[in-house]
Amino acid sequence: MPLLLASLVAILCSSGCAGLQYSSTPNSNPPRRTFSIAIHGGAGVIDQATTTPEERDAFLDSLRTALDLGREELAKGGTALDACEIVVRFLEDDPQFNAGKGAVFTEAGTHELDASIMDGSNLKAGAVAGVRTVRHPIALARAVMEKTRHIMLTGEGAERFASEVGVERVENSWFDTPKRLESLQKELEKRRSGASVDAPSHYRGTVGAVALDTHGNLAAATSTGGMTAKKWGRVGDSPIIGAGTYANNKTCAVSGTGTGEQFIRHTIAKSIAANIEFRNMTAQQAAEAAVHGLLDPDDGGVIVVDRVGRIAMVFNTAGMFRAAADHHGRFEVGIWNQLTQAQPVGSSR
Ligand code: ASP
């Protein structure tokens, strides 16, 4: 009997103990070949006329690389959770986006980062808000999900938890970039001159990913620096489950980007899932109903993957940095209306 037990442990470890730092949720479904992934890098006033070809290509290259990392993870049978975390970590390190390095500045000239992740197979979720020294807030959100009984940790408590689990730390000024400093200065100048603080700011750059893996599980992840010149302690939708992030194997996975207060008010991510579950809508219809029916024009957009892998990417801003791939070979990136088929980066990386 002890021998049998030992063999069982050995088999379980050989199939499940290797891999990323945090093990994934066990799946009971036999592997299928189908997978889908969609990612975003924020929505907003992305002016086609003033974006130079170099700027555009730099964004598209980064999206392609991020998408390919997620696609490869899914293609080799990895979990949706790992694929989403890998994509978001990559984009957090890219200063072009408003998450991790390159996060926007608060009114006080600091950075306060929010992130969340959700596992659609068991409705477990983890979130952090107002963290200041964590290089990859999404990794800390995942640790909250997997190593605590809680869903969200904020500010000082989240920082203490970061020390406990040993995620990578940086000085708050490490997140600084000249582009975001310029945006802060412009925003503060606009306010001094009496302009409305609600006017849509330049593109924002929150990042997110949603995925269906070959085991039939869905996951969603979102990470952001929030809104330029936000006030002390302001928390947006990105770390709020049901607002900026949601995943449930019964329906879909959603990650949103845009005016966080609006996403919270209308529980955008959960509304999309509810429209699929209770009103029989497709992912596309549900995303359109939320973005065009609940949000105001210029508020933002969402990416959605449903339980059979259908992808919707809907926004009501001038543009949304986005990309999508699946097991059929779809591999598309886009900023404005059109998506273009691109080459996976794969071995060139
Ligand atoms: N939704 C984010 C927030 O409100 C910002 C964004 O997506 O651009 O914090």
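For the structure given in this document, a descriptive report is provided here. (Residues numbered from 1 in each chain as written. Predicted model: local features only at pLDDT ≥ 70, side-chain atom pairs only at ≥ 80, totals over all residues. Heavy atoms only, no water.)

### Things to note about the packing of aromatic side chains
The full count for this structure, using the stated rule, is four aromatic pairs. Counting every residue linked through ring pairs, the aromatic cluster contains Phe59, Phe97 and Phe321. Taking NZ or CZ as reference, Lys101 lies 5.2 Å from the ring centre of Trp174, over its face. (Phe/Tyr/Trp six-rings, centres within 6.5 Å; stacked < 30°, edge-to-face > 60°. Lys NZ or Arg CZ within 6 Å of the ring centre and 35° of its normal.)

### What about the pairing of strand β1 (residues 36–44)?
Taking burial as the measure, the nine residues of β1 include nine buried ones, the bulk of the element. Bridging between β1 and strand β11 (residues 319–326) involves seven bridges; their strand directions are antiparallel. Considered in β11, the bridge of Ile37 is made with Ala325. Summarising the sheet, β1 and strand β5 (residues 207–212) pair through five bridges and their orientation is antiparallel. Paired with Ala38 across the two strands is Val210, which belongs to β5. (Buried < 20%, exposed > 50% of the residue type's maximum accessible area, 1.4 Å probe, protein only. Helix = DSSP H or I, 4+ residues; strand = E, 2+ residues; numbered from the N terminus. Pairing = 2+ DSSP bridges.)

### Focus: helix α5 (residues 155–165)
All of the buried residues along α5 are Ala158, Glu159, Phe161 and Ala162. The buried residues of α5 all sit within an arc of 160° when viewed along its axis, so they share a single face. Of the residues in α5, the exposed ones pointing more than 90 degrees away from the buried face are Glu156, Arg160 and Glu164. Buried residues along α5 sit in contact with β3 (124–131), α4 (137–147) and β4 (152–154). (Arc of directions from axis to C-beta. Contact = heavy atoms within 4.5 Å.)

### Observations concerning the sheet that holds strand β8 (residues 252–258)
Sheet architecture is open: four strands sit in the order β7-β8-β9-β10, paired in antiparallel fashion. If you trace the sheet from one side to the other, it starts and ends with β7 (245–247) and β10 (311–315), each paired once. On average, each strand axis in the sheet is tilted by 10° relative to the strand beside it, whichever way the strands run. With three bridges joining them, β7 and β8 adopt antiparallel strand pairing. If you follow Ala247 over to β8, its bridge partner there is Ala253. (Axes fitted to C-alpha atoms, helices over the stretch in contact; angles between N-to-C directions.)

### Some points on the pattern of salt bridges
In the structure shown here, the tally under the stated rule is 22 salt bridges. Between Arg89 and Glu85 there is a salt bridge; the shortest N-O distance is 3.4 Å. One end of the pair is Arg89 and the other is Glu85, both in helix α3 (residues 80–92) and four residues apart, which spans about a single turn. The class of Glu85 is buried, set by a relative accessible area of 4%. Note that Arg310 is salt-bridged to Asp306, the shortest N-O span being 2.7 Å. You can call Asp306 buried: its relative accessible area is 3%. (Salt bridge = Lys/Arg side-chain N within 4 Å of Asp/Glu carboxyl O.)

### A few points about the site of the ligand
Looking at the ligand, the residues that line it are Arg204, Thr206, Thr224, Gly226, Met227, Arg234, Gly236, Asp237, Ser238, Thr257, Gly258 and Gly260. Residue Asp237 places a side-chain N or O atom 2.6 Å away from a nitrogen atom belonging to the ligand. Interatomic distance of 2.7 Å between a side-chain N/O atom of Thr257 and an oxygen atom of the ligand. Protein burial of the ligand: of its 270 Å² of free accessible surface, 100% is covered by the chains. Residues of the shell around the ligand, tallied by class, amount to one nonpolar, eight polar and three charged. (Near = heavy atom within 4 Å. Polar contact = N/O pair within 3.5 Å; in protein donor to acceptor, adjacent residues only side chain to side chain. Areas by Shrake-Rupley, 256 points an atom, 1.4 Å probe, with all protein chains shown as cover. Nonpolar A, V, L, I, M, F, W, Y, C, P; charged D, E, K, R; others polar.)

### Here we look at the nonpolar core
Across soluble globular proteins, you tend to see nonpolar side chains buried next to one another. Judged by nonpolar contacts, the single largest core of 52 residues is most densely connected at Ile37, Ile39, Leu63 and Leu140. Per-element accounting of this core gives the leading share, seven residues, to α3. Ignoring any residue separated from it by four or fewer positions in sequence, one finds Leu63 in contact with Ile39, Gly41, Phe97, Phe321, Arg322, Ala323, Val333 and Gly334. If you look at the next biggest cluster of nonpolar residues, it comprises 37 residues, including Phe263, Ile272, Ala290 and Met313. (Core = buried A, V, L, I, M, F, W, Y, C linked by side-chain atoms within 4.5 Å.)

### Concerning the pairing of β11
Sheet faces and side chains relate simply in a regular strand, where the side chains alternate between the two faces. Among the eight residues of β11, eight are classified as buried, and the element is accordingly described as predominantly covered. As judged from the four bridges shared by β11 and strand β12 (residues 331–334), these two strands associate in the antiparallel manner. Bridge pairing links Ala323 to Val333 in β12. Hairpin geometry of β11 and β12 is characterised by an intervening segment of four residues between the two adjacent antiparallel strands and by a positive phi of about 105° at Gly329.

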